[in-house]
Amino acid sequence: MGQLVDGKWKIDPPRESGDGKFKRAKTHFRNWITPDGDAGPTGMGGFPAAAGRYHIYVSLACPWAHRTLVVRKLKGLEEQISVSSCAAFMGDHGWEFTDEFPDPLYKKKYVHELYQKADAGYTGRASVPVLWDKERETIVSNESAEIIRMLNSAFDGLGADASVDLYPAALRAEIDRINSVVYDTVNNGVYKSGFATTQAAYEEAATALFVTLDELEERLSRQRYLVGERPTEADWRLFTTLVRFDPVYVGHFKCNIRRLADYANLSNYLRDLYQVPGIAETVHIDYIKEHYYRSHTSVNPTGIVPIGPEIDLKAPHNRERLQAA
Ligand SMILES: N[C@@H](CCC(=O)N[C@@H](CS)C(=O)NCC(=O)O)C(=O)O
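Values in this document were obtained by computation on a predicted structure and should not be read as measured data.

1. Overview of the sheet that holds strand E8 (residues 138-141)
Spatial strand order, E4-E3-E7-E8: four strands in an open sheet with mixed pairing. With one partner strand each, in any of the chains shown, strand E4 (81-85) and E8 form the two edges of the open sheet. The sheet shows a mean angle of 35° between the axes of neighbouring strands, taken without regard to direction. Where strand E7 (residues 130-133) meets E8, three bridges bridge the pair, whose relative direction is antiparallel. In the strand pairing of E8, leucine 131 is matched with serine 141.

Right, dumping it as C-alpha cells:
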C-alpha cells in the first residue's frame, strides 16, 4: 500500500498510530453535486446534477464504495451515472486497473493517477470510491457517506426514482445516531480489529464490534429495518459490512466471537436486504474474498483465499411478519 505525498506516490507501512490502533484517514475531496450547481454543505460549487456527466470509480471489494453502487441502483441512476471497478488485487501502487477492469475514461494504470490528475500536489490516500466529473475532469468527492446523499437527492429532477428517499427528513436524527455507532464499531470496527498491531487494540475493537452486533440483533428482533418502515441509508451502510462478515471479517480480520450466521435476526435481515431487487448484482463475494485475502499481506502473508464459508443469501428470510419501527 501507499499514498500520495505532494503528488508523488510513496509506498508506506500499514497505518497505525504508535499504540497499535488503526487510524482511518480523513477524506479530502468534499464537494457536492447539487440540483443547480450551488455549493453543498462542504466544498465548492460548480457541480450541477446532469445526466452522463459523472462517473464513479469503485472497487467491488470495498464496503464504502459498495454503498454508492447500492444507492445508484435503488435510485435508478444507471443511465445517468456510469460506474467502473478497478481490479481486486491491491499491491504496492494501490488500486490498479487491468485489461479486465480498465479505466474507461483515461486508460490509467492506477487509481492514484486520477488523484494526481485532479490535484497535482495532492497529499493523502488514493481511496475508492471516487466520484469523478467528466466535464471538469476532476474529483467531486471521495467520501462515500456524502456521495450517497448526493445520489439520494440531487438527481430527482433528472429521472432518479424520487419515491425512494433513503434519508427522509423526519428520520434524520435517528439515522444519524445509528450511523455514528455503526460507523465507529462496525463499518470501521472490523478494520480496527483486523489492522490492529497490538493485542489490546485488537481486543478493544473486536469487543466493541460484538457489543453493537448484539444490540442490533436485539433491535432487529422487534423491527424489520433499523429506522422506519422502509430501508434507509442506515440499513444500507450496515448491509455492506454484514455481507462481507462471514466470508472475510470473521477469518481475515479475526472478528470471530460469533459469526453472522449465529445471529438469527441479523442473518435474516441481511438476506432481506440482499433480496431487494437489483441488490444481489452489486455483491461479488469471490472478488471480495480475493481482494482482502490476497492484498493484505501483513495480515495474510500466504495470500491463500479460503474456500468457504457456504452461505445462502437467497434463502427465505421471513421478515415480512415484523412491525415497522
Ligand atoms: N472515507 C472513505 C474511505 C474509503 C476507503 O477507505 N476505501 C478503501 C477501500 S475499502 C481504500 O480505497 N483504501 C486505500 C487506501 O486507503 O490507500 C469513504 O468512505 O469513502
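Text resumes after the structure shown.
2. Structural notes on the site of the ligand
Around the ligand, a shell composed of 17 residues is seen, among which Arg24, Cys62, Trp95, Val128 and Ser144 lie nearest. Arginine 125 places a side-chain nitrogen or oxygen 3.0 Å from an oxygen atom of the ligand. Within the complex, the protein chains bury 91% of what would otherwise be the 510 Å² of accessible surface of the ligand. Residues of the shell around the ligand, tallied by class, amount to eight nonpolar, five polar and four charged.

3. Points about unusual backbone geometry
In this structure, the amide linkage connecting valine 128 to the following residue, proline 129, adopts the cis form with an omega of 5°. As for its placement among the helices and strands, proline 129 is situated in the loop between helix H2 (112-118) and E7. A cis amide bond, omega 0°, links glycine 308 with the succeeding residue proline 309. The phi dihedral of glutamate 137 falls on the positive side, at around 55°, and the residue is not glycine. Of note in this structure, lysine 254 is not a glycine but carries a positive phi near 60°. Of note, lysine 254 is situated in the loop between helix H7 (233-249) and helix H8 (264-274).

4. Here's the deal with the UniProt feature "domain: GST C-terminal" (unreviewed entry) in the protein
According to UniProt, the positions carrying the feature "domain: GST C-terminal" (unreviewed entry) are residues 168-295. The annotated region residues 168-295 carries 66% helix and 0% strand content, and the separation between its end C-alpha atoms amounts to 38 Å.

5. Let's talk about the domain arrangement of the protein
Partitioning the protein into domains gives domain 1 (2-158) and domain 2 (169-276). The C-alpha centroid of domain 2 is placed 24 Å from the C-alpha centroid of domain 1. Opposite the 18 residues of domain 1 that make contact, domain 2 presents 22 residues. Carbon and sulfur atoms supply 57% of the area that domain 1 and domain 2 bury against each other, a total of about 1,700 Å² over both sides. Among the residues of domain 1 in contact with domain 2, Phe22, Pro63 and Arg67 are the three that bury the most area, contributing 30% of the side total. Where domain 1 meets domain 2, there are three salt bridges. Arginine 149 is the partner of glutamate 233 in a salt bridge, and the nearest nitrogen-oxygen pair spans 2.8 Å. The interface formed by domain 1 and domain 2 contains nine residue pairs in polar contact (both at pLDDT 80 or more). Where the side of domain 1 that touches domain 2 is concerned, the elements lending two or more residues are helix H1 (63-74) and helix H3 (144-153).

How each quantity is defined
- Chains are numbered independently. Their residues run from 1 in the order of the written sequence.
- The model is predicted, so local features are restricted to residues of pLDDT at least 70 and side-chain atom pairs to those at 80 or more, both for listing and for counting; the totals for chains, interfaces and linings are taken over all residues.
- Side-chain figures throughout are based on the complete set of non-hydrogen atoms in the structure, without hydrogens or water.
- DSSP-based pairing: two strands are paired if at least 2 bridges between them are found.
- Under the DSSP-based scheme used, a helix requires at least four consecutive residues in state H or I and a strand at least two consecutive residues in state E, with every element numbered from the N terminus.
- Convention adopted: a line fitted to C-alpha atoms gives each axis, helices being fitted over their contacting stretch, and angles between N-to-C directions are expressed from 0 to 180 degrees.
- Nearness of a residue to a molecule or strand requires only that one of the residue's heavy atoms be within 4 Å of it.
- Two N or O atoms count as a polar contact when they lie within 3.5 Å, although within protein this holds only if one can serve as hydrogen donor and the other as acceptor, and sequence-adjacent residues are included solely when both atoms are side-chain atoms.
- The accessible surface values rely on the Shrake-Rupley method and a 1.4 Å probe; as for residues, cover is taken only from the protein chains in view.
- Nonpolar residues are Ala, Val, Leu, Ile, Met, Phe, Trp, Tyr, Cys and Pro. Charged residues are Asp, Glu, Lys and Arg, and all others, Gly as well, are polar.
- UniProt positions are given in the numbering used here, feature names are shortened, and annotations may be inferred rather than shown by experiment.
- As used throughout, domain bounds are those supplied by an automatic or database domain assignment.
- When checking whether two residues touch, look at their non-hydrogen atoms; a contact exists if any pair is within 4.5 Å.
- The quantity reported as buried area is the accessible area (1.4 Å probe) lost by two parts once they are put together, taken as the sum for both.
- Only one rule defines a salt bridge in this text: a Lys or Arg side-chain nitrogen within 4 Å of an Asp or Glu carboxyl oxygen.

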